[in-house]
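Structural features, examined
What follows is the residue order along each chain.
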Amino acid sequence: MKVCPTCQLKYPDDKSRCFVDGAELAPMPDERIGQLIGGRYLIEAPLGEGGMAIVYRARHTLVDRPVAVKMMAKHLASDPSLRERFRREAKNAQTLAHPNIVEIVDTGEAEDGSAYLVMELLEGISLGGLLEKGPLPPGQVAEIALQVARGLARAHDFQVIHRDLKPDNIFIAKGRDGRPLVK
């Protein structure tokens, strides 16, 4: 979303000038930066955005630990069925303890009604980002595929189906042993 710095009208990201005064549009500042969510998660910076949510880097203020907070998009928070779907995703993910599945540590609802879930903060690169760098060696492809399959098999053990499996939703992090860990 963009905003006109002169008249404050909001525009979609594909627009470049305000139709009222011709001013060049600027990215809209994210009002969640600096907010305290759930009384303990300080939102620090955006990490990524999808169709339903924005993921932020945050800090658990009580234990001074970095986390990722996935916040449901504000414009969707008023839709009860979408809020319920988001909550169901969080609840399902919390039941799945597996090295190849992102750990969900908390869930809740922000003051504006937006549902959120708190996850372990991963350092690394998405599979989509890795693929942009060029073709991967067959051994690396096999290792990534094996870890993805292990995570999916665990989810399927609980009748949880990943509804948006794509390279941008597969993350290559560094495991405790220093080897790549697929989430």
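For the structure given in this document, a descriptive report is provided here. What you see as residue numbers is a count from 1 along each chain, following the sequence as written. Local features in this predicted model are restricted to residues of pLDDT 70 or higher, and side-chain atom pairs are both shown and tallied only at a pLDDT of 80 or more, whereas totals for entire chains, interfaces and linings draw on every residue. Neither water nor hydrogens contribute to the side-chain values; these are computed over all heavy atoms in the structure.

In this model, helix H3 (residues 138–157) (20 residues) spans 28 Å end to end at C-alpha, consistent with the 28 Å of a helix rising 1.5 Å per residue. Each residue is placed in one exposure class: buried if its accessible area under a 1.4 Å probe, protein chains only, is under 20% of its type's maximum, exposed if it is over 50%, and partly exposed if it falls in between. A helix here means a DSSP run of H or I that spans at least four residues, while a strand means a run of E at least two residues long, and both kinds are numbered starting from the N terminus. Within the sequence span of H3, burial applies to Ile144, Gln147, Val148, Gly151 and Ala155. The buried residues of H3 occupy an angular sector of 95 degrees when projected down its axis, which confines them to one face. Exposed and oriented more than 90 degrees from the buried face of H3 are Pro138, Gly139 and Asp157. Only heavy atoms enter the contact rule, under which two residues are in contact if any of them lie within 4.5 Å. Looking at the buried side of H3, the elements it contacts are helix H2 (127–132), strand E11 (171–174) and strand E12 (180–182). Positive phi shows up at Gln159, right after H3, with a value of about 60 degrees. In this analysis, the expected span of each helix is defined as 1.5 Å times one less than the number of residues it contains. Summarising the geometry, the arc corresponds to the directions from the helix axis toward the C-beta atoms.

This brings us to a nonpolar patch on the surface. Each patch groups residues whose relative accessible area exceeds 30% and which form no salt bridge, using 9 Å between like charges and 5 Å between nonpolar side chains of Val, Leu, Ile, Met, Phe, Trp and Tyr. With residues, only the protein chains shown are counted as cover, and all accessible areas are computed by Shrake-Rupley using a 1.4 Å probe. Put simply, a salt bridge is a Lys or Arg side-chain nitrogen that is within 4 Å of an Asp or Glu carboxyl oxygen. Together, Leu9, Phe19 and Val20 make up an exposed nonpolar region whose accessible area comes to about 330 Å². Tracing the backbone shows Phe19 in the loop between strand E2 (10–11) and strand E3 (26–27). What makes Phe19 exposed here is its relative accessible area of 69%.

To continue, consider the sheet that holds E3. Taken in spatial order, the three strands line up as E2-E1-E3 in an open sheet, and their pairing is antiparallel. A strand with exactly one partner marks an edge of an open sheet, and here the two such strands are E2 and E3. A pair of strands counts as paired when DSSP detects no fewer than two bridges linking them. With two bridges joining them, strand E1 (residues 2–3) and E3 adopt antiparallel strand pairing. When the sheet's bridge partners are listed, Lys2 is paired in E3 with Pro27.

What follows is about the pattern of salt bridges. Counted according to the given criterion, the structure contains nine salt bridges. Where Glu123 meets Arg57, a salt bridge forms, and the shortest distance between an N and an O atom there is 3.5 Å. A residue pair is termed long-range when its members are at least 10 positions apart, and Glu123 in the loop between strand E9 (115–120) and strand E10 (124–126) and Arg57 in strand E6 (residues 53–60) qualify at 66 residues. Accessibility expressed as a relative area gives 25% for Arg57, which makes it partly exposed. Three or more residues are tied together by salt bridges with common partners; here these are Glu44, Arg57, Arg59, Asp64 and Glu123.

To define a nonpolar core, start from buried Ala, Val, Leu, Ile, Met, Phe, Trp, Tyr and Cys residues and group those joined through side-chain atoms within 4.5 Å. Met52, Met72, Leu76, Phe86 and Leu117 are the most contacted members of the largest nonpolar core, which totals 15 residues. When residues of this core are traced back to their parent elements, those giving at least two are strand E7 (65–72), helix H1 (80–95) and E9. For this core, the element with the most residues is H1, which contributes four residues. Setting aside chain neighbours within four positions, we find Met72 in contact with Arg32, Met52, Ala53, Ala77, Leu82, Arg83, Phe86, Ser114 and Ala115. Core analysis: the second largest hydrophobic core is formed by 12 residues, Ala58, Val69, Ala110 and Tyr116 among them.

With 16 residues, H1 should reach 22 Å at 1.5 Å per residue; the first-to-last C-alpha distance of 23 Å fits that figure. Those residues of H1 that are buried are in contact with E6, E7, strand E8 (104–109) and E9.

Let us look at the side chain of Ser126. Relative to the helices and strands, Ser126 is located in strand E10. The class of Ser126 is buried, set by a relative accessible area of 17%. Once residues lying within four places of it in the same chain are set aside, the contact partners of Ser126 are Pro167, Asp168, Ile170 and Phe171.

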